[in-house]
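As a plain string of letters, each chain reads:
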Amino acid sequence: MKQLGLTTRVLLVCAAFAAVHLLLHLATGTFLAVLAPTSPPLYALGAGVHGVLPFVARRYTGAVGSATVTAGIAGLLIAATSPSGVIILVPFLLTGTVIDLVVWKVDHENRGPRTVQARYLLAAVILGAALFGVSLAVFSPEHLTAPIVLGTLLGRIVGEVVAAVLSGMIARALQRAGVGTRSRRPSSSRR
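The structure contained in this document is the topic of the report that follows. (Residues numbered from 1 in each chain as written. Predicted model: local features only at pLDDT ≥ 70, side-chain atom pairs only at ≥ 80, totals over all residues. Heavy atoms only, no water.)

1. Some remarks on the overall build of the chain
Piece 1. When helices and strands are tallied, the chain shows seven helices and zero strands.
Piece 2. The secondary structure elements of the chain, listed N-terminal to C-terminal, are α-α-α-α-α-α-α.
Piece 3. Residues counted as buried form 40% of the 191 residues belonging to the chain.
Piece 4. Accessible surface computed for the chain: about 10,400 Å², of which carbon and sulfur atoms make up 69%. (Helix = DSSP H or I, 4+ residues; strand = E, 2+ residues; numbered from the N terminus. Buried < 20%, exposed > 50% of the residue type's maximum accessible area, 1.4 Å probe, protein only. Areas by Shrake-Rupley, 256 points an atom, 1.4 Å probe, with all protein chains shown as cover.)

2. Side note on the packing of helix α6 (residues 113-136) against helix α7 (residues 146-177)
Piece 1. Where α6 contacts α7, the axes come no closer than 8 Å and their chain directions differ by 145°. Classified by chirality, the crossing of α7 by α6 is right-handed. Mapping the contact onto sequence places Gln117, Tyr120, Leu121, Ala124, Val125, Leu127, Gly128, Ala129, Leu131, Phe132, Ser135 and Leu136 in α6 and Val149, Thr152, Leu153, Arg156, Ile157, Glu160, Val161, Ala164 and Val165 in α7. (Axes fitted to C-alpha atoms, helices over the stretch in contact; angles between N-to-C directions. Left-handed = near helix turned anticlockwise from the far one by under 90°. Contact = heavy atoms within 4.5 Å.)

3. Let's talk about a nonpolar patch on the surface
Piece 1. A cluster of nonpolar side chains, namely Leu42, Leu45, Leu154, Val158, Val162, Val165, Leu166, Met169 and Ile170, defines an oily patch on the protein surface of about 720 Å² accessible area.
Piece 2. Of all the elements in the fold, those that place two or more residues in the nonpolar patch are α2 (40-46) and α7.
Piece 3. Here the nonpolar patch gets seven residues from one element, more than from any other, and that element is α7.
Piece 4. Look at isoleucine 170 and you get partly exposed, because its relative accessible area is 36%. (Patch = residues over 30% accessible without salt bridge, like charges linked within 9 Å, V, L, I, M, F, W, Y side chains within 5 Å. Salt bridge = Lys/Arg side-chain N within 4 Å of Asp/Glu carboxyl O.)

4. Here we look at helix α3 (residues 49-61)
Three or four residues apart is the spacing at which side chains of an α-helix point the same way, because the helix has 3.6 residues per turn.
Piece 1. The buried fraction of α3 is high, at 13 of 13 residues.
Piece 2. After α3 finishes, the residue glycine 62 shows a positive phi value of roughly 70°.

5. As for the pattern of salt bridges
Piece 1. The full count for this structure, using the stated rule, is one salt bridge.
Piece 2. Among the salt bridges present, the one from arginine 58 reaches aspartate 100, with a minimum N-O distance of 3.3 Å. Separated by 42 residues along the polypeptide, arginine 58 in helix α3 and aspartate 100 in helix α5 (residues 89-109) bring together distant segments of the chain. Just as arginine 58 is buried, aspartate 100 falls in that class too.

6. Points about the packing of aromatic side chains
Piece 1. All chains considered together, the criterion is met by two aromatic pairs.
Piece 2. Here phenylalanine 17 and tyrosine 60 contribute two aromatic rings whose centre-to-centre distance is 5.9 Å and whose plane-to-plane angle is 90°, an arrangement assigned as edge-to-face. Taken together, the residues phenylalanine 17 in helix α1 (residues 8-38) and tyrosine 60 in helix α3 connect sequence positions 43 residues apart. The same class applies to phenylalanine 17 and to tyrosine 60, which are both buried.
Piece 3. Taken together, a centroid distance of 6.2 Å and an interplanar angle of 55° make the contact between phenylalanine 55 and tyrosine 120 tilted. Here tyrosine 120 lies in helix α6 and phenylalanine 55 lies in helix α3, a separation of 65 residues in the sequence. (Phe/Tyr/Trp six-rings, centres within 6.5 Å; stacked < 30°, edge-to-face > 60°.)

If you want it as structure tokens, here you go:
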């Protein structure tokens, strides 16, 4: 996809994806909040849901920065409904930034679809590892055992890989459905 700037249209698309992200958070937040202290590896896997919309925004718009903008707006919306407050922006902005930085290279190389897909999967793996590092800082001492720590790392990576794969399916479905495309009249019919 051609690189676009953060135009008004792209920013509005990012805001729409962020609003959907808020709804997704509200639908899954209680379940994830129960999993966090009881099963960190399962929480890590489920938390991948928060990567879906930033990945979709980046794939759908093709604009560098769109994942970060989407994640940032979603983080602000979610901070208003979360007991964590604005600290929740840290993993959200990390998510968008990693996606944009890793996928940015694809925009400048103009490679085929396999290279693009590989770049998104690489972003997911790096993102999973980075988010694991953030979550490790809030682990309770009883969860600092090798099986739980390794399971959580694996859960984070798998969760983000699933998010990256789902994002490709969602972005393609939106494009096939013509969502967000402008219909243009032939120039001969304009007066």
